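Below, each chain spelled out in residue letters.
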Amino acid sequence: MRRVLVSLCVVVAAVTTGCADGGDGGDGRAQQDRSPRPRALTWQQELRVADAQQRLTRQCMNRQGFTYREDRGLTLRESRPVRYVQDDVAWARTYGYGGRIEAKSLRVRERNPNGTYRQSLSPSRRAAFDAALDGGDGARMLTASLPGGGETRKRLGGCTQEAERALYGDPAEWYRTGKIATGLSALYGEELMKDRHLTAAVRAWSRCMKRAGRPYEDPRAAREAVRVNTGRLGAARADEAFAAERRTAVADATCARETSLRAVATARETYHLDRLRDRFGKDIDTYRHLGQRAYDRAVRIVPERD
C-alpha cells in the first residue's frame, strides 16, 4: 500500500507533520502547549516545499544548458500520505489505501524523463549533468548522526545545493536536524506501541472493525490483508480487488473516527516525544524553523497543486 508505515513505531508522524505540539500529563488527554515552539509543516506544506525545490533545480539546470523536468504527476488529493491512522472516510471511499496511486507513482518513476534524458547524453555530457545537478563525484558529503545510532550521508553540490540554500538557508543544518527530528521514533517507538492508552484505542478500533465484518487486530493487519488479497486476485481481477480495498479502507477510517484513534495516537506520540525534548528539543525546533522558512519562500515560487 502507498506510503503506509511498514513499522508501527510511528503512529501519526507527529515530528514531521502538523500534529499538535501539546504536552500530556500521562492520562491520554492532550493538553494545550503554551510554549512558543515552532509548528511542524503539514504534508501539504511539505509537498509545496518539495515542488519549489524542483522548480529551483529546473531553473538552475536550464541555466547550465540541461533539460530537467519537474514531477507533479499526482494531484494534491492523490499526494495525501496514508499513515497508520487513516480517518478520512471520503478519501478512503475514493482511493482505498492508495494502492492505485502507488501503482501510478511507480509508472511515473519508471518513465522518469530526467533519467531517460541523462542516459541519452554522451559520457562527457552525462558527467557534466551529474556535476551540475549535485556536484558529481567532487561534491561535499554531509554527515548526520541518527538518534538510534549510526549515521547517514548525503552528497550535496550543484543545483541541488543551490535550491536547498535558497529554501532553507543552511542545507547542512537542515539535513542534520532533519535526520534527528525524523528519526526519534527509534527511541520511543517500542514504548509508544505498548502505551496503555494507545493499545486501548486500538482494541476499540478492532472491536468496531469486527462489528463491520472485518476482524482485524490493528490497522496494519487490515492493510496487509488487502495487500494479500490484491496480489491473489491479480491484474485480471484488479477492479474487484480495488473495490475490496476501498470497502476495507472505509471501514478502517470510519472506525478510526468513531474511536478517536487519531486523537489518542497524536496525544500519546506527543507525550513520548516531549520526554526527549531535554536531549533533542533544540534540534527539533531548528528543523521546524528551517522548514517554516522554506515554506514561506516556497509559496512565492510555486502554486499549491490542484
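Because the structure is a prediction, the values reported are computed rather than measured.

Enquirer: Describe in detail the overall build of the chain, supporting the description with residues and values.
Expert: Each helix and strand in the chain was counted, giving 13 helices and two strands. Looking at the chain residue by residue over its 306 residues, the buried ones come to 48%. Of all intrachain contacts in the chain linking residues separated by at least 6 positions in sequence, the fraction that spans at least 24 positions is 73%. Looking at the chain as shown, the accessible area adds up to about 15,400 Å², and 48% of this sits on carbon and sulfur atoms.

Enquirer: Tell me about the pairing of strand 1 (residues 140–145), residues and numbers included.
Expert: Bridge count between strand 1 and strand 2 (residues 151–156): six bridges; the pairing is antiparallel. By the bridge assignment, Thr 143 is partnered in strand 2 with Arg 153. Between strand 1 and the antiparallel strand that follows it, strand 2, lie five residues; Gly 149 among them carries a positive phi value of about 115 degrees.

Enquirer: Tell me about the state of the cysteines, and please be specific about residues and values.
Expert: Within the structure shown, the criterion is met by two disulfides. Paired through a disulfide, Cys 208 and Cys 255 show a sulfur-sulfur distance of 2.1 Å. Taking the sign of the S-S torsion, about -80 degrees here, the bridge from Cys 208 to Cys 255 comes out left-handed. You can see Cys 208 sitting in helix 9 (residues 196–211) and its partner Cys 255 sitting in helix 11 (residues 238–258), a full 47 residues away along the chain. Should the bonded cysteines of the chain be numbered as they appear in the sequence, the pairing reads 1-2, 3-4.

Enquirer: Mind laying out helix 8 (residues 185–193), listing which residues take part and the relevant values?
Expert: Taken together, the buried positions of helix 8 are occupied by Ser 185, Tyr 188, Gly 189 and Leu 192. Taken end-on, helix 8 shows its buried residues confined to a sector of 125 degrees, consistent with a single buried face. Exposed side chains of helix 8 directed beyond 90 degrees from the buried face belong to Ala 186 and Glu 190. Tucked inside the fold, the buried residues of helix 8 contact helix 9 and helix 12 (261–274).

Enquirer: Which residues make up the pattern of salt bridges, and what are the values?
Expert: For the coordinates displayed, the defined rule picks out 25 salt bridges. Across the pair Glu 240 and Arg 237 runs a salt bridge whose closest N-O atoms are separated by 2.8 Å. It is possible to trace a salt-bridge network through shared partners that takes in Arg 37, Asp 274, Arg 277 and Asp 285.

Enquirer: Explain the confidence of the model for the chain to me, using residue names and the numbers behind them.
Expert: Averaged over every residue, the pLDDT of the chain is 89; residues scoring 70 or more account for 89%. The model gives residues 1–10 a pLDDT under 50, and that stretch makes 41 contacts with residues more than four places away or in other chains. In the predicted structure, residues 14–34 sits below a pLDDT of 50 and forms 63 contacts with residues beyond four places in sequence or in another chain.

Enquirer: Which residues make up helix 1 (residues 43–63), and what values do they have?
Expert: Helix length check: helix 1, at 21 residues, gives a terminal C-alpha distance of 30 Å against a target of 30 Å (1.5 Å per residue), a fit within 8%. Positive phi appears at Gly 65, one or two residues downstream of helix 1, with a value of about 90 degrees.

Enquirer: Explain the environment of Arg 305 to me, and be specific about the residues and the numbers.
Expert: For Arg 305, the position within the fold is in the segment after helix 13 (277–298). Considering only alpha carbons, one finds Arg 305 and Arg 48, 257 residues apart in sequence, at a separation of 7.7 Å. Ignoring sequence-local partners within four residues, the contact set of Arg 305 consists of Leu 47, Asp 51, Gln 54, Asp 71, Arg 72, Gly 73, Leu 74, Leu 76 and Ser 79. One polar contact links Arg 305 to Asp 51, side chain to side chain, over a distance of 2.7 Å.

Enquirer: Residues and numbers for the packing of aromatic side chains, please.
Expert: Under the counting rule described, the total for this entry stands at five aromatic pairs. Here the aromatic rings of Phe 66 and Phe 129 are separated by 5.5 Å at their centres, their planes lie at 90 degrees, and the arrangement is edge-to-face. Taken together, the positions of Phe 66 in the loop between helix 1 and helix 2 (89–95) and Phe 129 in helix 5 (residues 123–134) put the pair 63 residues apart, joining distant regions of the chain. Take Phe 66 and Phe 129: they sit in the same class, and that class is buried. Through a chain of ring-to-ring contacts, the aromatic side chains of Phe 66, Tyr 117 and Phe 129 assemble into a single cluster. A cation over an aromatic ring shows up here: Arg 80 above the ring of Trp 91, its NZ or CZ 5.8 Å from the ring centre.

Enquirer: How would you summarise the nonpolar core if you had to cite specific residues and measurements?
Expert: With 35 residues, the main nonpolar core has Leu 184, Trp 205 and Leu 261 as its most contacted residues. Among the elements of the structure, helix 2, helix 8, helix 9, helix 10 (219–233), helix 11, helix 12 and helix 13 are those that each provide at least two residues to this core. In this view, Leu 261 contacts Val 85, Leu 198, Ala 201, Val 202, Trp 205, Pro 219 and Ala 256; residues no more than four positions away in its chain are not counted. In this structure, Leu 41, Ala 163, Trp 174 and Leu 290 belong to the second largest nonpolar core, which totals 15 residues.

Enquirer: Break down the side chain of Thr 259 for me, citing the residues and quoting the values.
Expert: Within the secondary structure layout, Thr 259 lies in the loop between helix 11 and helix 12. Only 2.7 Å separates the side chain of Thr 259 from the backbone oxygen of Cys 255, close enough to count as a polar contact. Contact partners of Thr 259, with chain neighbours within four places excluded, come to Ala 201, Ala 204, Trp 205 and Cys 208.

Parameters at a glance
- Residues numbered from 1 in each chain as written.
- Predicted model: local features only at pLDDT ≥ 70, side-chain atom pairs only at ≥ 80, totals over all residues.
- Heavy atoms only, no water.
- Helix = DSSP H or I, 4+ residues; strand = E, 2+ residues; numbered from the N terminus.
- Buried < 20%, exposed > 50% of the residue type's maximum accessible area, 1.4 Å probe, protein only.
- Contact = heavy atoms within 4.5 Å.
- Areas by Shrake-Rupley, 256 points an atom, 1.4 Å probe, with all protein chains shown as cover.
- Pairing = 2+ DSSP bridges.
- Disulfide = S-S within 2.5 Å.
- Arc of directions from axis to C-beta.
- Salt bridge = Lys/Arg side-chain N within 4 Å of Asp/Glu carboxyl O.
- pLDDT = per-residue confidence, 0-100.
- Expected span 1.5 Å × (residues − 1).
- Polar contact = N/O pair within 3.5 Å; in protein donor to acceptor, adjacent residues only side chain to side chain.
- Phe/Tyr/Trp six-rings, centres within 6.5 Å; stacked < 30°, edge-to-face > 60°.
- Lys NZ or Arg CZ within 6 Å of the ring centre and 35° of its normal.
- Core = buried A, V, L, I, M, F, W, Y, C linked by side-chain atoms within 4.5 Å.

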